Amino acid sequence: MKKLNVFLLLTINCLFFAQAQNDLITNTQGRETISLNGTWYYIIDPYDTGFYNYRFKERNEDDKGAYWNEPKLESKTEWTEHDYKEPNQINVPGDWNSQDRIFAYYEGSVWYQRDFDMPEMEPNEELYLYFGAVNYEAHVYLNGKKIGMHKGGFTPFNFKIPTEILKDTANYLVVRVDNKRHSEEIPTLNTDWWNYGGITRDVKLIVTPKQFIQQYHLQLDENQDIVSGQKKKRYQIKGWLKFNETVKDAAVTLKIPELKLEKEFLVSGDSLNLAFEVKKLNLWSTHDPKLYDVNLTIGNHTLKDKIGFRKIEVDGEKIMLNGKQIFLRGISLHEEIPQDVRRAHSKKDAKQLFKWAQDLNANMVRLAHYPHNEYMPRVADSLGVLLWTEIPVYWTINFGSKEVLEKAQTQLKEMISRDRNRASVIIWSVGNETPVSETRTEFMSTLVKDAKKLDPSRLVSAALEVGYSAGVNNVDDPLGEFTDIVSLNEYLGWYTGLPDACRTAKWETKYKKPFFISETGAGAKGGFHDVKEMRFSEEYQEWYYKEQINMFKNRFPDNFAGLSPWILADFRSPRRNNPDFQEGWNRKGLIDNEGNKKLAFFVLKNYYQELKQIQEKKD
Ligand code: GCU
């Protein structure tokens, strides 16, 4: 074979190997990790001076002016124009906007730096660097060498650290974060939420053996019948394990101690399909969120997880959980703690948001409009709250671009890979309110098919557009042909007409599928009271919810299967600039930005209480 071809082959191999070795490592909470959370140094770099030289050419690795290089002055005659020192310090995880006023509206590059010492490692062990999320683009350098780059503001990623660049102490870690918006990205330029930038979620080192289980899936076999209330004599469980590299005769043990299940496998190859029976099983549900300890051991490394086994499916026009119809009493929410005006990122934050949702008698939450941090599905698993989770294919994406589709597919894959073992996640959503066109429906239906291929065990949806003609609200978005449930956003009484327009509203749907309202809502400034006709008064929002609920009860089609009103709490948006009522906040929250519940909160709470009692009678 000609020299050139061999070279080409080796190069392609290296590229694939580099990509393969950086495939996502899932369930980091169940692995041996060292946290790199804490105080890092930063440099604000609006002109990307640290990345480009004065001719705006990308700096090379040896360039002393590159912000990924540690400034080392050999003598006082030398100069440097960057360094990482007090007082420029920032907390990780956390958006930068909420940490200092200079960052409030900042969109650009910020360089983060910290040192870390090499952890204790066995000779054949390896080290990965893992980020829960960085919004939006991350370039990662260690000891002056680039180890990787990632795009996408709401999904995790990791890079294998080449051992040859590691030092025993003071490894110089630098991350360039750029949150500028671009028309060809996901999301695109225009969103109704704050463009919080930064290393917004946990950062950790993962110590792994040379060969380890990189990803896995374990769930009830979705093809078996689960009949409501009938305990089966045995349950079929299926799934798979994917290794970080091809293994030979690797001994793998799967244990579910509470089921007295222990299985040994001798594996050769890079993956293993699993299918086995268990005699008894408490299914995970909203009123009994049963989780089982699951241990996966290869060599002397054990991966620990807590998995709930349940079945979610559509039966005609019904959503079924474990063979029983369930009405989704939902609420939408952004990943934000309004009182602190910041991105949520911790287990404590997740508990606060779910407490508010459960105060509402909700059994479901729509994580809008992007994958939230991993504490959300894990806390939802423990509480028995059902989740809709979504990639930020939002509004006017460039649907004609193959590159943009690939970015959406990457984010979809990263979202599904991370949360595929979370029982609470029942719906993957591929987008929100995308304007109907042939190109858009082709783009979006490709994502629906991708999601079903990646995970046939869950429902796939998207927030669709409602058609309106001759006084009828038509549920006829062509994307509804492809999704498992037909979800749409409607604001009858806020963006069109007044709330009493609900009394004469007509609804027709062409789809014999569950019909779900993924958004409905009205704005109110917490504490502002007036007659109900006064926009932004709490009374207006209360009136809106009363009229909407009456419409659900009296004018909706029989396939109405649930709703997730917009929205649990007020949230920051650069598009909301009414100086009396908004001041940069979207006021459709049922809870205001100080954590106070508005009048409408109690209208929805009572409606859900009624539905909960009806559901409990059926159970
Ligand atoms: C849209 C959109 C939301 C937005 C909401 C609103 O439905 O999906 O992201 O915040 O309307 O106008 O408040």
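Counting of residues starts from 1 at the beginning of each chain's written sequence and follows it residue by residue. Note on the predicted model: pLDDT of at least 70 is required for a residue's local features to be given, and 80 or more for side-chain atom pairs to be given and counted; whole-chain, interface and lining totals, by contrast, use all residues. Water and hydrogen atoms were dropped before computing side-chain values, which therefore reflect all heavy atoms in the structure.

Next up on the list: the packing of helix 6 (residues 538-555) against helix 7 (residues 599-618). To describe two helices that pack against each other, one gives the angle between their axes and the distance between the axes. Across the interface, helix 6 lies against helix 7 with an axial gap of 7 Å and an inter-helix angle of 20°. Taken together, helix 6 and helix 7 sit at an angle that is classed as roughly parallel. Viewed along their axes, helix 6 and helix 7 form a crossing whose handedness is right-handed. On helix 7, the residues touching E538, E539, Q541, E542, Y545, K546, I549, F552 and K553 of helix 6 are L599, A600, V603, L604, Y607 and E610. By residue class, the composition of the contact of helix 6 with helix 7 is eight nonpolar, one polar and six charged. Fitted lines through C-alpha atoms give the axes, limited to the stretch in contact for helices. The angle between two N-to-C directions lies from 0 to 180 degrees. In this description a helix means any DSSP run of H or I spanning at least four residues, a strand means any run of E spanning at least two, and both kinds are numbered starting from the N terminus. Note on terminology: angles under 35 degrees are roughly parallel, angles over 145 are roughly antiparallel, angles of 65 to 115 are roughly perpendicular, and the others are oblique. In this scheme the crossing of two helices becomes right-handed for a clockwise turn of the near helix relative to the far one and left-handed for an anticlockwise turn of less than a right angle. Contacts are assigned to residue pairs that have any heavy atoms within 4.5 Å of one another. Amino acids outside the nonpolar list (Ala, Val, Leu, Ile, Met, Phe, Trp, Tyr, Cys, Pro) and the charged list (Asp, Glu, Lys, Arg) are all regarded as polar, and Gly is one of them.

Our focus in this paragraph is the site of the ligand. The environment of the ligand is formed by 14 residues, the closest being D192, H369, E433, Y495 and E519. The separation between an oxygen atom of the ligand and a polar side-chain atom of W566 is 3.1 Å. Counted as a polar contact is a pair of N or O atoms within 3.5 Å, where, for protein atoms, one must be capable of donating a hydrogen and the other of accepting one, and residues adjacent in sequence contribute only when both atoms are in side chains. In this structure, an oxygen atom belonging to the ligand sits 2.7 Å away from a side-chain N or O atom of K588. The Shrake-Rupley method, run with a 1.4 Å probe sphere, supplies the accessible areas, and residue values consider only the shown protein chains as cover. Computed on the free molecule, the ligand has an accessible area of 320 Å², of which 97% lies beneath the protein chains in the complex. Residues of the shell around the ligand, tallied by class, amount to five nonpolar, four polar and five charged. Nearness is judged by heavy atoms alone; a residue qualifies as near a molecule or strand once a single heavy atom is within 4 Å of it.

This part covers the domain arrangement of the protein. All domain edges in this entry derive from an automatic or database-based domain assignment. Taken domain by domain, the protein comprises domain 1 (16-209), domain 2 (213-309) and domain 3 (327-618). Of note, the centres of domain 1 and domain 3, computed from C-alpha atoms alone, are 33 Å apart. At the interface, 31 residues of domain 1 touch 40 residues of domain 3. Of the roughly 3200 Å² buried between domain 1 and domain 3, counting both surfaces, carbon and sulfur atoms make up 54%. Accessible-area loss on putting two parts together, using a 1.4 Å probe and summing over both, is the definition of buried area adopted here. Looking only at domain 1, the three residues that lose the most surface to domain 3 are I186, D192 and W193, adding up to 24% of its buried area. Salt bridges, as used here, are contacts in which a Lys or Arg side-chain nitrogen is within 4 Å of a carboxyl oxygen on Asp or Glu. At the boundary of domain 1 with domain 3, the tally comes to three salt bridges. Taking the shortest distance from any N to any O, the salt bridge between E185 and K407 comes out at 2.9 Å. At the surface where domain 1 touches domain 3, the tally comes to 19 residue pairs in polar contact (both at pLDDT 80 or more). Counted by class, the side of domain 1 that touches domain 3 contains 11 nonpolar, 13 polar and seven charged residues.

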